[in-house]
Number of protein chains: 2
Amino acid sequence: MCVRRCVITVGDLGEFGAVTRISGRLPQGETVLLGPGDDAAMVSAPDGRVVVSTDLLVEGRHFRRDWSSGYDVGRKAAAQNLADVAAMGAVPTAIVVGLGIPADLPVGWLDALTDGFRDECAVVGASVAGGDIARSDLVVLGVTALGDLGGRAPVTRSGARPGQVVAVAGRLGHAAAGLALLEAGREGDRAREAGRAPSGNRLPGEAGRSDAPPGDGLPGEEDLEGDSGVERALREAVAAHRRPCPPYACGPEAARLGASAMLDVSDGLLQDLGHVAAASGVRVELDSAAFAVGAPVRAAAAALGIDPLDWVLTGGDDHALAAVFPAEVRLGPSWQIVGRVVAGRGVAVDGRETGDGGWDHFR
Amino acid sequence: MCVRRCVITVGDLGEFGAVTRISGRLPQGETVLLGPGDDAAMVSAPDGRVVVSTDLLVEGRHFRRDWSSGYDVGRKAAAQNLADVAAMGAVPTAIVVGLGIPADLPVGWLDALTDGFRDECAVVGASVAGGDIARSDLVVLGVTALGDLGGRAPVTRSGARPGQVVAVAGRLGHAAAGLALLEAGREGDRAREAGRAPSGNRLPGEAGRSDAPPGDGLPGEEDLEGDSGVERALREAVAAHRRPCPPYACGPEAARLGASAMLDVSDGLLQDLGHVAAASGVRVELDSAAFAVGAPVRAAAAALGIDPLDWVLTGGDDHALAAVFPAEVRLGPSWQIVGRVVAGRGVAVDGRETGDGGWDHFR
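Computed from a predicted model, the values in this text were never measured in an experiment.

S.K.: Where do I start with the overall build of chain A in this structure?
M.R.: Regarding its fold elements, chain A presents nine helices and 13 strands. Sorting the 363 residues of chain A into buried and exposed places 58% on the buried side. At a minimum sequence separation of 6, the contacts of chain A that also span at least 24 residues come to 86%. If you sum the accessible surface of chain A, you get close to 14,100 Å²; carbon and sulfur atoms cover 51% of it.

If you want it as structure tokens, here you go:
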């Protein structure tokens, strides 16, 4: 009987029902020797060393259920951990996930989240090997990724040396541009509610999203037909915020090509390269003209009246890779050389000093 | 200057300050090849396979800051994951921790939490290899433990066969007794506040704890002098709730002694053995007279008018190990044989059927 409420929730399933349901959606690849259902999982570690990275994501701070589908949240949460593993030069093998979820969470959202984890892992040949489920008022995700170095040395943050070059692979500024567009849309909503702004900065295809119930599928793709190139670029920026696309294979590739330092860009390129500079005891000098600024970033910057380079240099959440190579390195097309390592300290752009350009979660 | 507020908080430190502070308190053992400070840690996995378990703990559901110190929360959070690894027959090597913390969390609490993680890991020769920190309104801990099997097969839940014996190692019912005492104390507080109960079930040494600010040290040990044996036993039960004492070494020992199924008792012995029975397709029969009921459990049961066997059979959070061995096994003094495996299904005590006797977080 379904009279007042037609959405099946996690509370309806119960803890063990939810665990069974999640496990049933998770095929196991060959790196997982023992999957969900026991006290612990078992994952192959042929190298004899295992790379491990963990992140905690909290609803309202790292994602919003009204801005991202469960599927996107799963892909994003997996991606940021898998990118950390790749940034060591390792190939991801598995993730485990601690899920904190409210009892009234629709089961469809949990299914979509699970599928997101599964599909992002599949991109790199990894699997969800296990997890834990707990009740929580907000959705909280504790994601841990494992990886294998295949005999290579790990590429840390401390190996940059003067004379080397700095290169990046993957998107920069896309997620920040998308977030800014979503925030501008929200401000537009508020203004409209107050009767002050009849139209303006709401984006095509984004209208009403923050009022809609959390969706499980991919948002608004049917609306793409007939869009102008600008609208398409704006939508790509929003999609990049919802779901990063880290250049995973570039991590082990960089290690093979002799990268001596590497990290994934999670807090913004300037801030993250600042960690390399500090850990290595060197100075990083970037050349702003060397960055290929993506069309979504340029379109969003034009729409909001912002310098696109701000997002490229300080935007987080794209999980690009930044690495330092010997000057004579021959890089493939995934990499752009954007600067050099010199003696000194800090990070400079076009010869000008920069401070911490990223995001500090507590200040 | 300190005028209105003299407690240094996590917000005062900032994210990177907090990370630096935590890392500085964490010595690295020889199993950790690369510790905190990079995109990922690197842990030895000499077996070529790595055992991995993760848990998510949420303030108010899994712990209370007014009932447990930061140090106890850290030890307990580490213990429950390390016990999962031990329950596979593996030796824990490292944990990584995702910390969700409020900006107004006192730094002293964070220090104590960190020390708790460190010290519980040290019990088994493991280390805290890395982590992540995020802002959250409640304290949330995502803990992942890794372990090495040393060439042994993992001991799962599905290997129990008729004719084998069931044995337990470690405490049973202590944590449940302690929790019941704390809850009874809380009810006593409420009654007093309402002017209905002038005294009664508040425990010696527990008085006022729920009103006190979160402490960093061990509670009330100075009050032990002069206590009667009963009071001491009650305090031991409360301490067991705050900090489990899993029999870690018994996990690999059981594997060497031929255990064919094993798990750690986290939700209650009946419920957890129900998982073994279901996964193995067998029936578990327990003999209630075979359990050695600890003095803290007996004292608390007498104080609250409860059958101590209830806590022994259904109490969670002690992280004892339950394992199934060939009937001819010769076990050391850490193990008690408490039952046998027969054909059939479910779990029985003294020949009587039991239902799910544990705790379902969502119902």
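S.K.: For this particular structure, what's the right way to read the packing of aromatic side chains?
M.R.: Within a pair of aromatic rings, the relevant descriptors are the distance that separates the centres and the angle that separates the planes. Tallied over the entire structure, the rule returns two aromatic pairs over all chains. Here Phe325(A) and Trp335(A) contribute two aromatic rings whose centre-to-centre distance is 5.2 Å and whose plane-to-plane angle is 80°, an arrangement assigned as edge-to-face. You can see Phe325(A) sitting in strand E10 (residues 320-325) and its partner Trp335(A) sitting in strand E11 (residues 335-342), a full ten residues away along the chain. The exposure classification of Phe325(A) matches that of Trp335(A), with both residues buried. When the ring centre of Trp67(B) is taken as origin, the NZ or CZ atom of Arg64(B), which lies over that ring, is 3.9 Å away.

S.K.: Explain helix H1 (residues 10-24) of chain A here, please?
M.R.: Because the α-helix completes a turn every 3.6 residues, residues three or four places apart line up on one side. Residues and elements named next belong to chain A. In a regular helix each residue adds 1.5 Å, so 15 residues correspond to 21 Å; H1 covers only 15 Å between its end C-alpha atoms and thus falls short of that length. In H1, a bend of some 80° at Phe16 exceeds every other bend along the element. Within the sequence span of H1, burial applies to Val10, Gly11, Leu13, Gly14, Glu15, Ala18 and Ile22. Against the buried residues of H1 lie strand E4 (91-101), helix H3 (107-123) and strand E5 (127-135).

S.K.: Help me understand the interface of chain A and chain B, please; the structure alone is not making it clear to me.
M.R.: Interfaces are often described in size by the accessible area the parts lose on coming together. With 68 residues of chain A at the contact, the number on the chain B side is 68 residues. Summed over both sides, the interface of chain A with chain B buries roughly 5,300 Å², with 61% coming from carbon and sulfur. Salt-bridge contacts for Asp38(A) lead to Arg157(B); the nearest nitrogen and oxygen are separated by 3.7 Å. Along the contact surface separating chain A from chain B lie 21 residue pairs in polar contact (both at pLDDT 80 or more). Here the side of chain A that touches chain B is composed, by residue class, of 34 nonpolar, 18 polar and 16 charged.

S.K.: Is there a simple way to explain the nonpolar core in this structure?
M.R.: Inside soluble globular proteins, nonpolar side chains tend to come together where they are buried. All names here are of chain A. Ranked by internal contacts, the top residues of the largest apolar core, which has 42 residues, are Ile95, Leu99, Leu110, Phe117 and Leu141. Of all the secondary-structure elements, those providing two or more residues to this core are H1, strand E3 (49-58), helix H2 (70-86), E4, H3, E5 and strand E6 (140-148). With eight residues, H2 is the single largest residue contributor to this core.

S.K.: What should I look at first to understand the packing of helix H5 (residues 229-242) of chain B against helix H8 (residues 295-304) of chain B in this one?
M.R.: Between two packed helices, what matters for the description is the angle formed by their axes and the separation of those axes. All names here are of chain B. Relative orientation of the contacting elements H5 and H8 amounts to 105°, with a least axis distance of 8 Å. Overall, the two elements H5 and H8 adopt an arrangement that is roughly perpendicular. Between H5, through Val230, Ala233, Leu234, Glu236 and Ala237, and H8, the contact on the second element is made entirely by Ala295, Pro296, Ala299, Ala300 and Ala303. Class assignment for the residues of the contact of H5 with H8 results in nine nonpolar, no polar and one charged.

S.K.: Whenever I open this one, the environment of Gly14(B) confuses me. Can you help?
M.R.: Residue and element names in this part refer to chain B. Residue placement: Gly14 occurs in helix H1 (residues 10-24). Residue classification places Gly14 among the buried residues on the basis of a relative accessible area of 0%. The sequence separation of Gly14 and Val342 amounts to 328 residues, and the corresponding C-alpha distance is 58 Å.

S.K.: Is there a simple way to think about the sheet that holds E10(A) in this case?
M.R.: Working definition: the strands of a sheet are paired by backbone hydrogen bonds and lie parallel or antiparallel to each other. Residue and element names in this part refer to chain A. With respect to topology, seven strands assemble into an open sheet ordered E8-E10-E7-E11-E9-E12-E13, the strand pairing being mixed. Sheet topology places strand E8 (261-265) and strand E13 (352-353) at the edges, where each strand pairs with a single neighbour. Sitting on the sheet, helix H7 (residues 269-280) is in contact with strand E7 (165-169), E8, strand E9 (283-286), E10 and strand E12 (346-349), with an inclination near 155° to E8.

S.K.: Any chance you could explain the side chain of Ser127(A) here in plain terms?
M.R.: Residues and elements named next belong to chain A. With respect to the helices and strands, the residue Ser127 is situated in strand E5. The class for Ser127 is buried, based on a relative accessible area of 4%. If sequence neighbours within four positions are ignored, Ser127 has contacts with Pro27, Gln28, Gly29, Val32, Thr93, Ala94, Ile95 and Cys121.

S.K.: Hey, could you run me through the sheet that holds strand E7 (residues 165-169) of chain B in this one?
M.R.: Residue and element names in this part refer to chain B. Across the sheet, seven strands lie side by side as E8-E10-E7-E11-E9-E12-E13; this open sheet has mixed pairing. Of all strands in the sheet, those bounded by a partner on one side alone are strand E8 (261-265) and strand E13 (352-353). Where strand E9 (residues 283-286) and strand E12 (residues 346-349) come together, four bridges link them in parallel fashion. Its bridge partner being in E12, Glu285 is matched across the sheet by Ala348. Contacts from helix H7 (residues 269-280) reach E7, E8, E9, strand E10 (320-325) and E12 within the one sheet, and its direction differs from that of E8 by about 155°.

S.K.: Looking at this structure, I do not really get H1(B). What am I missing?
M.R.: When we look at burial in H1(B), the residues that qualify are Val10(B), Gly11(B), Gly14(B), Glu15(B), Ala18(B) and Ile22(B). On its buried side, H1(B) packs onto strand E4 (91-101), helix H3 (107-123) and strand E5 (127-135) of chain B.

S.K.: Could you clarify how one ought to interpret the side chain of Asp111(A) in this entry?
M.R.: Residue and element names in this part refer to chain A. With respect to the element layout, Asp111 can be found in helix H3. Side-chain polar atoms of Asp111 contact the side chain of Arg21, separated by 2.6 Å. Non-local contacts of Asp111, meaning those with residues more than four positions away in its chain, are made with Arg21 and Arg25.

S.K.: I'm lost on unusual backbone geometry in this one. Help?
M.R.: Most of the time, phi is negative for any residue but glycine, and the peptide bond is trans. Positive phi, normally seen in glycine, also occurs at His319(B), with a value near 55°. With respect to the secondary-structure elements, His319(B) resides in the loop between helix H9 (308-314) and E10.

S.K.: Sorry, what's going on with the pattern of salt bridges here?
M.R.: Working definition: two side chains of opposite charge can pair if their charged atoms are close together. Per the stated rule, a full pass over the model turns up 32 salt bridges over all chains. A salt bridge links Arg65(B) to Glu59(B); the nearest nitrogen and oxygen atoms lie 3.0 Å apart. Judged on exposure class, the residue Arg65(B) and its partner Glu59(B) are both buried. For Arg243(B), the salt bridge identified is with Asp72(B), shortest N-O distance 3.0 Å. Pair noted here: Arg243(B) is in the loop between H5 and helix H6 (250-256) and Asp72(B) is in helix H2 (residues 70-86), with a separation of 171 residues, a long-range link. Look at the salt bridges and you will find they share partners, linking Arg21(A), Arg25(A), Asp111(A), Asp115(A), Arg118(A) and Asp119(A) into a network.

S.K.: Just to check I follow, could you spell out the state of the cysteines for this structure?
M.R.: Defined simply, a disulfide is a covalent bond joining two cysteines at their sulfur atoms. Residues and elements named next belong to chain A. Inspection of every chain in the model, using the stated rule, returns zero disulfides over all chains. Of the cysteine sulfurs around Cys245, a residue in no disulfide, the closest is that of Cys250, at 10 Å. Accessibility expressed as a relative area gives 47% for Cys245, which makes it partly exposed.

Conventions and cut-offs
- Residues numbered from 1 in each chain as written.
- Chains lettered and ligands numbered in written order.
- Predicted model: local features only at pLDDT ≥ 70, side-chain atom pairs only at ≥ 80, totals over all residues.
- Heavy atoms only, no water.
- Helix = DSSP H or I, 4+ residues; strand = E, 2+ residues; numbered from the N terminus.
- Buried < 20%, exposed > 50% of the residue type's maximum accessible area, 1.4 Å probe, protein only.
- Contact = heavy atoms within 4.5 Å.
- Areas by Shrake-Rupley, 256 points an atom, 1.4 Å probe, with all protein chains shown as cover.
- Phe/Tyr/Trp six-rings, centres within 6.5 Å; stacked < 30°, edge-to-face > 60°.
- Lys NZ or Arg CZ within 6 Å of the ring centre and 35° of its normal.
- Expected span 1.5 Å × (residues − 1).
- Bend = angle between axes of the 7 residues up to and from the residue.
- Buried area = accessible area lost by both parts, 1.4 Å probe.
- Salt bridge = Lys/Arg side-chain N within 4 Å of Asp/Glu carboxyl O.
- Polar contact = N/O pair within 3.5 Å; in protein donor to acceptor, adjacent residues only side chain to side chain.
- Nonpolar A, V, L, I, M, F, W, Y, C, P; charged D, E, K, R; others polar.
- Core = buried A, V, L, I, M, F, W, Y, C linked by side-chain atoms within 4.5 Å.
- Axes fitted to C-alpha atoms, helices over the stretch in contact; angles between N-to-C directions.
- Parallel < 35°, antiparallel > 145°, perpendicular 65-115°, else oblique.
- Pairing = 2+ DSSP bridges.
- Disulfide = S-S within 2.5 Å.

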